[in-house]
Amino acid sequence: QGGSGRARIEEVAPLPESLTRDRLKEVMTYNAVLLEKELLPIKEAAARQRQSGTQVQVDPRALAAVQGRISAQVHAKYGVTDEQVMAAVEKFGARDDPGFKAILQRIAQAGPC
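Nothing here was measured: the structure is a model prediction, and the numbers come from that model.

All right, on to the side chain of N31 then. Here N31 lies in helix α2 (residues 21–51). The contact partners of N31, leaving out residues within four places of it in the chain, are I70 and V74.

The next point concerns the nonpolar core. Within the largest apolar cluster, 23 residues are counted, with the highest numbers of intra-cluster contacts made by L19, L24, V27, V74 and V80. Elements with a minimum of two residues in this core: α2, α3 (60–78) and α4 (82–91). Tallying contributions element by element places α2 first for this core, with eight residues. In contact with V27, not counting residues within four places along its chain, are L19, V74, Y78, V80 and V85.

Following the criterion strictly, the structure yields six salt bridges and no others. The salt bridge partner of R23 is E26, with a shortest N-O separation of 3.5 Å. Highlighted residues: R23 and E26, both in helix α2, separated by three residues, approximately one helical turn. According to the relative accessible area criterion, E26 is partly exposed, its value standing at 37%. Across the pair R106 and E36 runs a salt bridge whose closest N-O atoms are separated by 2.8 Å. With R106 in helix α5 (residues 101–109) and E36 in helix α2, this pair connects stretches of sequence that are 70 residues apart. Judged by relative accessible area, R106 falls into the partly exposed class, the value being 30%.

Moving on to the packing of α2 against α5. Two elements in contact, α2 and α5, have axes whose closest approach is 9 Å; the angle formed by their N-to-C orientations is 20°. In terms of axis orientation, α2 runs roughly parallel to α5. Considering the relative orientation of α2 and α5, their crossing is left-handed. Facing α2, whose interface residues are M28, T29, A32, V33, L35, E36 and K43, α5 presents I103, L104, R106, I107 and Q109.

Next up on the list: the packing of aromatic side chains. Within the structure shown, the criterion is met by one aromatic pair. Centre to centre, the rings of Y30 and Y78 are 5.6 Å apart; their planes meet at 70°, and the pair counts as edge-to-face. On the criterion of sequence distance, the pair formed by Y30 in helix α2 and Y78 in helix α3 is long-range, its members being 48 residues apart. Residue classification places Y78 among the buried residues on the basis of a relative accessible area of 10%. In this structure, K25 is placed above the aromatic ring of F100, and the distance from its NZ or CZ to the ring centre is 5.5 Å. Directly above the ring of Y30 sits K77, whose terminal nitrogen or CZ lies 4.5 Å from the centroid.

Here is what the cut-offs are and how they apply
Residues numbered from 1 in each chain as written. Predicted model: local features only at pLDDT ≥ 70, side-chain atom pairs only at ≥ 80, totals over all residues. Heavy atoms only, no water. Helix = DSSP H or I, 4+ residues; strand = E, 2+ residues; numbered from the N terminus. Contact = heavy atoms within 4.5 Å. Core = buried A, V, L, I, M, F, W, Y, C linked by side-chain atoms within 4.5 Å. Buried < 20%, exposed > 50% of the residue type's maximum accessible area, 1.4 Å probe, protein only. Salt bridge = Lys/Arg side-chain N within 4 Å of Asp/Glu carboxyl O. Axes fitted to C-alpha atoms, helices over the stretch in contact; angles between N-to-C directions. Parallel < 35°, antiparallel > 145°, perpendicular 65-115°, else oblique. Left-handed = near helix turned anticlockwise from the far one by under 90°. Phe/Tyr/Trp six-rings, centres within 6.5 Å; stacked < 30°, edge-to-face > 60°. Lys NZ or Arg CZ within 6 Å of the ring centre and 35° of its normal.

Keep in mind these values describe shape, not function.
Here you go:
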């Protein structure tokens, strides 16, 4: 079952041979660094909203813009798309791989609020 799902993912986003398990880790680490940097102003604005007692509101368009900038920078540096990165995550079983645990946690903790 898992193999056929992987095949379908790779049909949608064929993986370049250069996107190895180690390269995926490098791409994900770069992604985390960019995410932390790009989300910092949004997190600071949310903290100010919390301190002033107002409900925290994050503009979905701002988050989409952040994702677009990160995707463009990852593509420029590594030549891979978001879809290819996600396909590689599936192919290499990164979600269940202890070797990816720290980077996945870092990405998750970089969230906007």
